[in-house]
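Summary of the model geometry
Here are the chains, one letter per residue:
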Amino acid sequence: MPMVLTLNAGSSSVKFALFDAALDDGPAMATGQIDGLASHAIFTARAAATEKECFELSPAGRADHVRAVNAILEWIESRLAGRSVVAIGHRIVHGGPRHATPLPIDDNLIEELRALTPLAPLHQPHNLQGVVAARAEFPHVPQVACFDTAFHRGHPFVTDAFAIPRHFYHEGVRRYGFHGLSYEYIAGCLRRIAPVEAAGKVIIAHLGNGASLCAVRDGRSIASSMGFTALDGLPMGTRCGQIDPGVLLYLMAEKGMDVHALTDLLYNQSGLKGLSGLSSDMRDLQASDSREARETIDHFILRTCRKIGSLVAALEGFDAIVFTGGIGENSAAVRKGVLDRLRWLGLEPDDEANERGDTVISSPACRARAFVIKTDEERMIARHTLEVTGLAGRSRAA
Ligand code: ADP
């Protein structure tokens, strides 16, 4: 039985999922991750219909990306004996200005993607470490790069340019947009669930630890709240989101902060964590009765609604919103806060449906509609990988 393996290699973790190559849908056969690569590596995984397993990687929890991929291979061989990995799909944060589709991985592509490291220094090198490790472990298995930026590559100059001297755009300083695999997956689900809305003007709100919005018209990205980096747009777990660049000039000039201090501040100490002083996790904020926690949630909701307004302007209309990501899928309170402020767009929230987390959470009578759809970026990577390798039809026919 052939399987597709998806890998998402981050700075301190490698996440993986396994899918039956013959099935386009249905749950993953197994999912798992190795956390704490830099410090103390813990392997957590679950094969379908079995108990979750959790163990320390030997020896003594020490592991780099190569050891992590090697451990995933060992686990697959021991738990899913008799099945073979026929293709591997990698989540790659940055495909640069050119790549609008997933691509087969070869030495030239790896070098090209390595050259994009300055555009995503916190993610791209780790993504590529995962690729190199997987190619060493599975030298004869075709591998595919799936880019988080690809879904947004159809934007014109006026959408992606910053109002700084034009040569910077040509040097690559432009809005790229991220979370593309999630948006592409959700757009596909919406086509099945609500084809009329899917053909119209839709805002997809991917609200997770990382959070962004995408304006989608007829299934294609028109604009995104994330820009040159995954820092822009909404406030996130620990990232600031949109910020007046004058604040950065002030922090450099008056507080003596250098690029390292600013990077840590904007990526790791800001967002929900920085504003609340409590936690980066929306669940902790919702469970707290502190004023800071309440204000942080209100700020998150207000910023989300203001940004939705800006994307509705880019779309020149609005037919539906889809909530996804950890917060979007699970927090009825955040969804309600957002929907209550979007009545001006013709939305009427159905509070009971929202509390239950139904797929449709707007009242049947209103002009626009609201949905909750669980995202599945790994499934999207697996689909792309089968298509790019030409295994999609063959595996299904087998
Ligand atoms: P990532 O961007 O890392 O993939 P997720 O999409 O998994 O993150 O979202 C993680 C976030 O989702 C958590 O930090 C938490 O704030 C939020 N979350 C998960 N479950 C709930 C819940 N039941 N209520 C509120 N927030 C939740």
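Described below are features of the structure shown in this document.

Basis of the calculations
- Residues numbered from 1 in each chain as written.
- Predicted model: local features only at pLDDT ≥ 70, side-chain atom pairs only at ≥ 80, totals over all residues.
- Heavy atoms only, no water.
- Pairing = 2+ DSSP bridges.
- Helix = DSSP H or I, 4+ residues; strand = E, 2+ residues; numbered from the N terminus.
- Axes fitted to C-alpha atoms, helices over the stretch in contact; angles between N-to-C directions.
- Contact = heavy atoms within 4.5 Å.
- Parallel < 35°, antiparallel > 145°, perpendicular 65-115°, else oblique.
- Left-handed = near helix turned anticlockwise from the far one by under 90°.
- Nonpolar A, V, L, I, M, F, W, Y, C, P; charged D, E, K, R; others polar.
- Salt bridge = Lys/Arg side-chain N within 4 Å of Asp/Glu carboxyl O.
- Buried < 20%, exposed > 50% of the residue type's maximum accessible area, 1.4 Å probe, protein only.
- Near = heavy atom within 4 Å.
- Polar contact = N/O pair within 3.5 Å; in protein donor to acceptor, adjacent residues only side chain to side chain.

Description of the sheet that holds strand 13 (residues 369–372)
- The sheet built from 5 strands is open, its strands ordered 11-10-9-12-13 with mixed pairing. A single partner strand is all that each edge strand has here, and the edge strands are strand 11 (220–224) and strand 13. When the angles between neighbouring strand axes are averaged without regard to direction, this sheet yields 25 degrees.
- Direction of pairing for strand 10 (residues 211–217) relative to strand 11: antiparallel, over a ladder of 4 bridges. Its bridge partner being in strand 11, A215 is matched across the sheet by A223.
- Relative to the sheet, helix 6 (residues 180–193) contacts strand 9 (201–207), strand 10, strand 12 (320–324) and strand 13, its axis offset from that of strand 9 by approximately 130 degrees.
- Those strands touched by helix 12 (residues 291–315) are strand 9, strand 10, strand 11 and strand 12, and its axis lies near 25 degrees from that of strand 10.

Examining the packing of helix 8 (residues 245–255) against helix 9 (residues 259–268)
- Interaxial distance between helix 8 and helix 9 falls to 11 Å at its minimum, and their mutual angle equals 140 degrees. In terms of orientation, helix 8 and helix 9 fall into the oblique class. Considering the relative orientation of helix 8 and helix 9, their crossing is right-handed. Contact residues: helix 8 offers L248, L251 and M252, while helix 9 offers L262, L265 and L266.
- For the contact of helix 8 with helix 9, the residue count by class is 6 nonpolar, no polar and no charged.

As for the pattern of salt bridges
- Evaluation of the coordinates by the stated rule reveals 19 salt bridges.
- Where R175 meets D232, a salt bridge forms, and the shortest distance between an N and an O atom there is 3.3 Å. Highlighted residues: R175 in the loop between helix 5 (166–170) and helix 6 and D232 in the loop between strand 11 and helix 8, separated in sequence by 57 residues. Like R175, the residue D232 is buried in the burial classification.

What to know about the site of the ligand
- With respect to spatial proximity, the complete set of residues near the ligand consists of G208, N209, G210, D281, M282, R283, Q286, G325, G326, I327, N330 and S331.
- G210 places a polar main-chain atom, nitrogen or oxygen, 3.1 Å from an oxygen atom of the ligand.
- Within the side chain of D281, an N or O atom sits 3.2 Å from an oxygen atom of the ligand.
- Secondary structure elements with two or more residues in the shell around the ligand: helix 11 (282–287) and helix 13 (325–330).

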